[in-house]
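# Fold and contact review
These are the residues of each chain, in order.
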Amino acid sequence: MGLLSEGSPLSWEETKKLADHVRKHGVIQFINLFKRLRDRQGDVLKWGDEVEYILVKFNDVEKTAKVSLRAEKYLSILQEKEHKDPDIVKSLWRPEYGAYMMEGTPGKPYGGLLAHFNVVEANMQYRRREATRLLESGEALMSLTNFPRLGAEDFTDPPAKPNPHSGASKSLFFPDEAIFPGHPRFKTLTRNIRSRRGEKVAINLPIFRDKNVSLPFKENLDKFGDDGSSEKAAKENHVYMDAMGFGMGCCCLQLTFQACNIGEARTLYDQLTPLCPIMLALTAASPFYRGYITDVDCRWNVISASVDCRTEEERGLRPLKENKFRISKSRYDSIDSYLSEQGARYNDVPLTYDDEIYNQLLDNGIDKLLAQHVAHLFIRDTVSLFSEKVHQNDSEDTDHFENIQSTNWQTMRFKPPPINSSIGWRVEFRPCEVQITDFENAAIVCFVVLLTRVILSFKLNLLIPISKVDENMARAQKRNAIRTEKFWFRKDITSNTQSDDIKEEYTEFTVDEIVNGKEGTFPGLIPLVNSYLSSMDADADTHCSIQRYIKFIQKRASGELLTTASWLRKEVLSHPEYKKDSRISERINYDLLKKIHDIETNKIPCPDLLGPCTISKTSETVPAAVTKAENCPSLD
Ligand code: ADP
Ligand code: MG
Ligand code: MG
Ligand code: MG
Ligand code: MG
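All values reported here derive from a predicted model rather than from experimental measurement.

### A closer look at the coordination of the magnesium ion (ligand 4)
With distances of 2.0 to 2.1 Å, the protein atoms coordinating the magnesium ion (ligand 4) are E52 (OE), E96 (OE) and E103 (OE). Within one chain, the residues serving as donors to the magnesium ion (ligand 4) are arranged as E-x43-E-x6-E. The distance between the magnesium ion (ligand 4) and the magnesium ion (ligand 2) comes to 4.2 Å, with E103 serving as a donor to both metals. In this pair, E52 sits in strand β1 (residues 46–59) while E103 sits in strand β4 (residues 101–106), placing the two residues 51 residues apart along the sequence. Neither E52 nor E103 differs from the other in exposure class; each is buried.

This is how it looks when you write it as structure tokens:
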């Protein structure tokens, strides 16, 4: 594993003492990097997806499904061919937080050909087959946002008991054995986030109030070995969780795009921001936590709370004494500021940052918008530091910058080029929940990539105030948001007219209206995508794939097809063993996951979720004839 070169993790006490050192050098490293790469031009569109998976172990005799803690073993096999020759592999595999998780990406990023949209799904299928071949009997690789009984009694295979009094999480429910063991980063982060906060993380999700949930709903935490701290942190009528694993143990679908230069990257970063909550609502896939049905459909706030390392002072519960700032959000949350000139007027949330760092960035020729972005990232302390990485050459290394950057887990990430590489300025789109089938995941990926092309070529303007994006993030996670919520969205996205009063520029729409359009009022994202595509010639198979994806997105948005979250709820609520008590028993969990596995392997159709079955025409490679025939530059 490439990551292993990092060496040995420092203790929390040592790491804490080096927080200012990492900050100081991280900022200098960014300045040096910026000076070298600010004028980099002419990179072409490249893009790629990341899909996270969980390993599930079925026991067909006892009718149970557990998470299988064997990812490390499979990863070491899956990475062998990459170690031998990274240039020819069709997939790359990486560890993730859970000992039961893996992340797969295409072997190389895709490029500007329309025909690449026809390769995405086939590559996802290839990854699934490739990893599945290695599995033990009874095991399955599943792209599921959350394992429904994660943290419920006896949820792992092999069995492991939580260690509330020792270990990295000190969780009542989530054993350290469920954290990926092959690299110290994951346990170190877990320990340090808890230590920095001064107590265990606390996640409270409203419980779904079905008929037989007796209210107030409050669990007896004594029986789990609570020392009283969980009792204090757990809220009434909520499902309580107390470990990083409940959030970082969830799976997601991410996308990275390379821009032609820094300016285009800043534009894409901004323009995709208002789409984050919309895509979160559209991909909602995680209503179940710790064996309970909750009243939310998404993982977002769970992860946010699961790595919330802010102290009581920073959270505003005590007057500032030890710490420098009140901080309004967890280090995992939606972004706080736009980066482009066009975005400046929509930056309406006060940004916390250290003036000294901000001024240092300005003094080095970095403009205000980028300076405040970077200074704001650097309000966070390092929560994972390795002895070999403490002392660095600030004009060649960027580890301290990357240390802070990569532990600011936000809806969008602005990725500078690595020094001395062929990679350009990139932007990562991070809100989406992962879907059950490769078809759905490919559809979402292709839709978002097409949106970036439409945004750039039609010069769309989707910007609304950051505070409204934040409101939308909260709405997106509500149960059935796609059918019941409205979202703030810009009224006129095709012309760049500004009103004296920003409030005139946006209003509330349903996801259906945003995606499919509203007669006489709003054009809709899909009609814009279609008009963009109408000027381009795709080969027949690619055209067919893109149309399947577009139709699917349209139907999800209109509510004709269920979101994954709604479908999961429906399945559990109609299970013969379900007792209207908002609990997912071992048997319900088993039957549900079996069915999901049958759907993802095409054994059974699922029209509620996917629509009428259509045969996939995707292929693992772009045929040479297509490469030549296609008008290549048009996608760029
Ligand atoms: P991270 O985990 O830091 O987000 P990964 O390396 O796991 O990054 O995945 C990044 C994604 O970016 C992958 O899908 C990969 O194919 C894609 N990618 C790689 N190189 C480029 C590039 N130059 N431009 C855009 N995307 C790229
Ligand atoms: Mg990755
Ligand atoms: Mg992750
Ligand atoms: Mg990942
Ligand atoms: Mg990523």
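Now that the structure has been shown, we can carry on.
### Side note on the site of ligand 1
Close to ligand 1 lie 15 residues, the nearest being G48, D49, E50, Q258 and E428. Contact between ligand 1 and E50: an oxygen atom at 2.9 Å from a side-chain N or O atom of the residue. The contact in question runs from an oxygen atom of ligand 1 to an N or O atom on the side chain of E103, over 3.0 Å. With the chains in place, 74% of the 580 Å² that ligand 1 exposes on its own is no longer accessible. Of all the elements in the fold, those that place two or more residues in the shell around ligand 1 are β1, β4, β9 (253–258) and β15 (426–429). A breakdown of the residues in the shell around ligand 1 according to their chemical character gives 4 nonpolar, 4 polar and 7 charged.

### A look at the side chain of K415
Locating K415 in the fold gives a position in strand β14 (residues 412–415). At 3.1 Å, the side chain of K415 and the side chain of T256 are in polar contact. Sequence-distant contacts of K415, defined by excluding residues within four places in its chain, comprise T256, Q405, G424, W425, R426 and E428.

### Some words on the nonpolar core
A general trend in soluble globular proteins is that nonpolar side chains are found buried together. Residues M102, F174, L361, F429 and W567 are the most contacted members of the largest nonpolar core, which totals 196 residues. Beyond its immediate sequence surroundings of up to four residues, L361 is in contact with V27, F30, I31, I366, A371, V374 and A375. Membership of the second largest hydrophobic core comes to 5 residues, among which are I207, V213, V239 and Y292.

### Overview of the coordination of the magnesium ion (ligand 5)
Looking at the magnesium ion (ligand 5), the protein donor atoms are E50 (OE), E50 (OE), Q254 (OE1) and E428 (OE), and they sit 2.0 to 2.6 Å from it. Mapped onto the sequence, the residues coordinating the magnesium ion (ligand 5) show the spacing E-x203-Q-x173-E. Metal-to-metal, the separation of the magnesium ion (ligand 5) and the magnesium ion (ligand 2) is 3.9 Å; E50 coordinates the two. Note that E50 is positioned in strand β1 and Q254 in strand β9, a separation of 204 residues in sequence. Owing to a relative accessible area of 14%, E50 belongs among the buried residues under this scheme.

### Comments concerning the pattern of salt bridges
Counted under the stated rule, the structure contains 52 salt bridges. One salt bridge connects E620 with K90, and the closest N-O pair in it is separated by 2.4 Å. Within this pair, whereas E620 is found in the loop between α23 (607–610) and α24 (624–629), its partner K90 is found in the loop between α4 (80–84) and β3 (91–95), the two being separated by 530 residues in sequence. Exposure remark for E620: the relative accessible area of 28% places this residue in the partly exposed category. The class for K90 is partly exposed, based on a relative accessible area of 33%. The shortest N-O distance in the salt bridge between E600 and R128 comes to 3.3 Å. In this pair, E600 is assigned in helix α22 (residues 586–600) and R128 in helix α5 (residues 120–132), connecting sequence segments 472 residues apart. Given the relative accessible area of 7%, E600 is considered buried. Judged by relative accessible area, R128 falls into the buried class, the value being 7%.

Rules behind the numbers
- Residues numbered from 1 in each chain as written.
- Chains lettered and ligands numbered in written order.
- Predicted model: local features only at pLDDT ≥ 70, side-chain atom pairs only at ≥ 80, totals over all residues.
- Heavy atoms only, no water.
- Donors = N, O, S within 2.8 Å, 3.2 Å for Na, K, Ca; no water.
- Helix = DSSP H or I, 4+ residues; strand = E, 2+ residues; numbered from the N terminus.
- Buried < 20%, exposed > 50% of the residue type's maximum accessible area, 1.4 Å probe, protein only.
- Near = heavy atom within 4 Å.
- Polar contact = N/O pair within 3.5 Å; in protein donor to acceptor, adjacent residues only side chain to side chain.
- Areas by Shrake-Rupley, 256 points an atom, 1.4 Å probe, with all protein chains shown as cover.
- Nonpolar A, V, L, I, M, F, W, Y, C, P; charged D, E, K, R; others polar.
- Contact = heavy atoms within 4.5 Å.
- Core = buried A, V, L, I, M, F, W, Y, C linked by side-chain atoms within 4.5 Å.
- Salt bridge = Lys/Arg side-chain N within 4 Å of Asp/Glu carboxyl O.

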